[in-house]
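# Commentary on secondary and tertiary structure
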Amino acid sequence: MYGQYGGSLKMSINLVTFKGKSPYTSACPMPSHSDPQIQHLFIMTGASKGMGLEMARQLLSPHHLVLCMSRKASTDLAQEASSQGAPLVQWCEDLAQPEPVAKRLTAWLAEIDQAHLSSVTLINNAGTLGAMAPLQTIPPHTITQAITVDLIAPLQLSAAFLQATNEWPTVQKILNISSGMSQRAMAGAALYASAKAGMDHFSRCMALDEARRPSGALIVSLAPGVIDTDMQRELRNGDEALFPDKARYVNLQTSGALTSPKEAARQVLAYLHHPEFGSESVVNIVQKREMLQ
Ligand SMILES: NC(=O)c1ccc[n+]([C@@H]2O[C@H](COP(=O)([O-])OP(=O)(O)OC[C@H]3O[C@@H](n4cnc5c(N)ncnc54)[C@H](OP(=O)(O)O)[C@@H]3O)[C@@H](O)[C@H]2O)c1
């Protein structure tokens, strides 16, 4: 029914699709699902590694349909979904070109039978540092690409998501993964920090728009703390001459202060499911940890 989008709730779902190519299924046997089993729909960017991969793993369930988007698909995730009988769709998409991805999401959501869904959630998690350096040393293409992935893609996907689900009788949530750098100025962080500050602020504004709608979407921009992922490795491997806080990130690792991706994902999802979600539009997980134990 949903052909190339690989997202029918009425057919087997464990697909990886590449832009412009036919979808193929994972090597594992595909689980079969019927409408009433699936109660929650999650759409997440950046699920191929790091915290996003762990969030996707923790979201797998026969009762959840999970749609992931990143440039690469995760074969481990596909295998775990197959073995759990959990519906999973992975799109290989470059969010540096977000407009066609947003259009694809709109078309995919239009085909979803939401009758049995009780919630639908967009998690804008994909992120890139671009370059940790003074702005004038960064090539124009890198500036455009980082701002597009970190800020424009979340805006485009949020718009597509809200437009498509506006009339759905389900709880709608958008969780934007921000950073402590959105609030704290740091030399060498102009590119990344400005994108995350923009994410915080568009979340504040969207939350006000949604509050004016009956049963409007809950919007949160959340800083997830410092996590032991490739992004942290990039910060530690930075050039001290361009990014003077590099030593701080080296210390975070040597002192054991980094949260594992698995635990960070647990905390973020616990906040997503917490009754408080949506009561504040900008949140730092560090201030919520006690509540999320
Ligand atoms: N790690 C930390 O300490 C930390 C701290 C504060 C905030 N955060 C935020 O947390 C989120 C997850 O970070 P992480 O540490 O897990 O990062 P990570 O390990 O570097 O993973 C980044 C994810 O984003 C995806 N991505 C990057 N560029 C993309 C593009 N052009 N198109 C599509 N997907 C793209 C990657 O997938 P592909 O490479 O397959 O495309 C990957 O799945 C990010 O928003 C980050 O800013 C992280």
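Keep in mind that what you see is a predicted model, and the values were worked out from it rather than measured.

## Here's the deal with the environment of M55
Tracing the backbone shows M55 in helix α1 (residues 50–59). Taking the number of C-beta atoms within 10 Å as the measure of exposure, M55 has 28 and is therefore buried. Between the C-alpha atoms of M55 and A264, which are 209 residues apart in sequence, the distance is 8.6 Å. Among residues more than four places away in sequence, those in contact with M55 are M44, A47, I123, N125, A265, V268 and L269.

## Side note on unusual backbone geometry
Phi is positive for S215, which is not a glycine, with a value near 50°. Residue classification places S215 among the exposed residues on the basis of 11 C-beta atoms within 10 Å.

## Thoughts on the nonpolar core
Ranked by internal contacts, the top residues of the largest apolar core, which has 78 residues, are M44, M55, A56, V66 and L222. It is helix α4 (residues 140–165) that contributes the most residues to this core, eight residues altogether.

## Some thoughts on the pairing of strand β8 (residues 218–223)
The buried fraction of β8 is high, at six of six residues. Side chains of β8 alternate between two faces, with L218, V220 and L222 and I219, S221 and A223 buried alike. Note that the unit made of strand β7 (residues 171–177), helix α5 (residues 190–211) and β8 has a crossover that is right-handed. Pairing geometry for β8 and strand β9 (residues 282–284), over three bridges, is parallel. Looking at the pairing, S221 lines up with V282 of β9.

## Notes on α5
Taking 1.5 Å of rise per residue, the 22 residues of α5 would be expected to cover 32 Å, and the 31 Å separating its terminal C-alpha atoms lies within 8% of that figure. Of the positions making up α5, those classed as buried are L191, Y192, A193, A195, K196, M199, S203, M206 and A207. On its buried face, α5 is in contact with α4, β7, β8 and β9.

## Some remarks on the packing of helix α3 (residues 98–110) against α4
Their axes nearest at 9 Å, the elements α3 and α4 cross at an angle of 25°. As summarised for this structure, α3 and α4 are arranged roughly parallel, according to the angle between their axes. The two elements α3 and α4 cross, and the hand of that crossing is right-handed. Within the contact between the two elements, α3 uses P98, E99, A102, L105, T106, L109 and A110 and α4 uses T148, I152, A153, Q156, L157, A159, A160, F161, Q163, A164 and T165. Partitioning the contact of α3 with α4 into residue classes produces 12 nonpolar, five polar and one charged.

## Concerning the confidence of the model for the protein chain
Scored by pLDDT, the protein chain comes out at a mean of 90, with 88% of its residues at no less than 70. Below a pLDDT of 50 lies the segment residues 1–12, which in the model reaches 33 contacts outside its immediate sequence neighbourhood of four places, other chains included. Note on residues 20–34: pLDDT is under 50 here. Beyond four places in sequence and across chains, it has 36 contacts.

## Quick word on the pairing of strand β6 (residues 119–124)
Most of β6 sits out of view: five of its six residues are buried. For strand β3 (residues 40–45) and β6, the ladder comprises five bridges, and the chain directions are parallel. Of the residues in β6, the one forming a bridge with L41 is V120. Pairing of β6 with β7, which is carried by six bridges, proceeds in the parallel orientation. When the sheet's bridge partners are listed, V120 is paired in β7 with Q172. Between the parallel pair β6 and β7, the chain is carried across by α4, and the sense of this crossover is right-handed.

About the thresholds
- Residues numbered from 1 in each chain as written.
- Predicted model: local features only at pLDDT ≥ 70, side-chain atom pairs only at ≥ 80, totals over all residues.
- Helix = DSSP H or I, 4+ residues; strand = E, 2+ residues; numbered from the N terminus.
- Buried ≥ 20, exposed ≤ 12 C-beta atoms within 10 Å, placed from the backbone.
- Contact = placed C-beta atoms within 7 Å.
- Core = buried A, V, L, I, M, F, W, Y, C linked by C-beta atoms within 7 Å.
- Right-handed = clockwise from strand over helix to strand, strands pointing away.
- Pairing = 2+ DSSP bridges.
- Expected span 1.5 Å × (residues − 1).
- Axes fitted to C-alpha atoms, helices over the stretch in contact; angles between N-to-C directions.
- Parallel < 35°, antiparallel > 145°, perpendicular 65-115°, else oblique.
- Left-handed = near helix turned anticlockwise from the far one by under 90°.
- Nonpolar A, V, L, I, M, F, W, Y, C, P; charged D, E, K, R; others polar.
- pLDDT = per-residue confidence, 0-100.

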